[in-house]
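The lines below spell out each chain.
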Amino acid sequence: MGEMKQGEADAAPGELEWKSMEREHILSPGVIEEYLRSRPRWIRWREWASGRRYRVTRFLDRPTPLVIVAHSFRNAVKARQVALAVEQDWAAVPNRCRESYDEVLFNAPRLIVVQLRRSNVCKCLGHRHVAVKEPPFAEPHDAFGGASVGEMDIAYERVENWQALPLTDTALDTKFLQGSRLDEFHAQQFRLRMLSVLLHETNHLVFPHEPEVLVRQRSLGFYSEALASYVERAIATMSLTIDRSFSRLG
Ligand SMILES: [Zn+2]
Ligand SMILES: [Zn+2]
């Protein structure tokens, strides 16, 4: 701590900023992918043969955390959905939703490994892990530049079937079914649920002593508000379509 203060005092104005920018630059999805490719061939071959795959993504409004989706090749489509949720859906939720996780993401490990599974025995949506078990990320490595690593698992089938807001969900299904956009709605709903579970578990990683009721309140609040905002936009375009065909009849 004292050493850091010393360094700050010695650094010319602007130099510190540049240094921290360089540090952020060091950690990018490209750097992680490069690290994965640079490992010995026999390790990569064994990993590939076992079906293990990695997809690296990040929230576009902040340099870290990077999210590494560790998955089986069988779940590549779901892994892509998780990446889309982090990259695109996060950017599209109302400001208030993003702000509610500002402190959590600011203090989060700079690398978050998500072990994406189809299901888990205990029937939870996900868990944070006390230690990082995913082999390429379990040991510190130069490529990480001293970044902290956190890990969680998420069971996507549980997330798909999760009754987050039972009454709202049913009412919305009816509405989107009438607009023949039920599939599109379910895909969006799944991605927003994924995002809220990812944020919920990150919250646990960062503040392990925060009571579950508060952690859940934050993630459910995020989900319901993000969903409401999507529905509002979608319904606006749906009624536009209906109105137009109506006027054509008249
Ligand atoms: Zn569990
Ligand atoms: Zn929890």
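Further up the page is the structure itself.
Draft legend 1. Spatial organisation of the overall build of the chain. From N to C terminus, the chain includes twelve helices and five strands. For the chain, the residues scored as buried account for 26% of the 250 residues in total.

Draft legend 2. Main features of the pairing of strand β2 (residues 66–72). In terms of burial, β2 is largely enclosed, as six of its seven residues are buried. Relative to strand β3 (residues 111–117), β2 runs parallel, the two being bridged by five bridges. Note that in β3 the partner of Ile68 across the bridge is Val113.

Draft legend 3. Up close: the sheet that holds β2. Here we have five strands laid out as an open sheet, ordered β1-β2-β3-β5-β4, and mixed in their pairing. In the strand order of this sheet, the two ends are held by β1 (52–58) and β4 (126–129), each with one partner. Adjacent strand axes in the sheet meet at a mean angle of 20°, parallel and antiparallel pairs treated alike. By the bridge criterion, four bridges tie β4 to strand β5 (residues 149–155) in an arrangement that is antiparallel. Residue pairing across strands places His129 opposite Glu151, the latter belonging to β5.

Draft legend 4. The environment of Ala147, seen in detail. As for its position among the elements, Ala147 is in the loop between α8 (135–138) and β5. Residue Ala147 is classed as partly exposed on the basis of its 17 C-beta neighbours within 10 Å. Beyond its immediate stretch of four places on either side in the chain, Ala147 contacts Leu27, Arg110 and Leu111.

Draft legend 5. Region of interest: the nonpolar core. Ile68, Val114 and Ile154 are the most contacted members of the largest nonpolar core, which totals 42 residues. At seven residues, helix α11 (residues 182–206) tops the list of elements feeding residues into this core. When sequence neighbours within four positions are dropped, the list of residues in contact with Val114 reads Val67, Ile68, Val69, Ala70, Val82, Met152, Ile154 and Leu198.

What counts as what
- Residues numbered from 1 in each chain as written.
- Chains lettered and ligands numbered in written order.
- Predicted model: local features only at pLDDT ≥ 70, side-chain atom pairs only at ≥ 80, totals over all residues.
- Helix = DSSP H or I, 4+ residues; strand = E, 2+ residues; numbered from the N terminus.
- Buried ≥ 20, exposed ≤ 12 C-beta atoms within 10 Å, placed from the backbone.
- Pairing = 2+ DSSP bridges.
- Axes fitted to C-alpha atoms, helices over the stretch in contact; angles between N-to-C directions.
- Contact = placed C-beta atoms within 7 Å.
- Core = buried A, V, L, I, M, F, W, Y, C linked by C-beta atoms within 7 Å.

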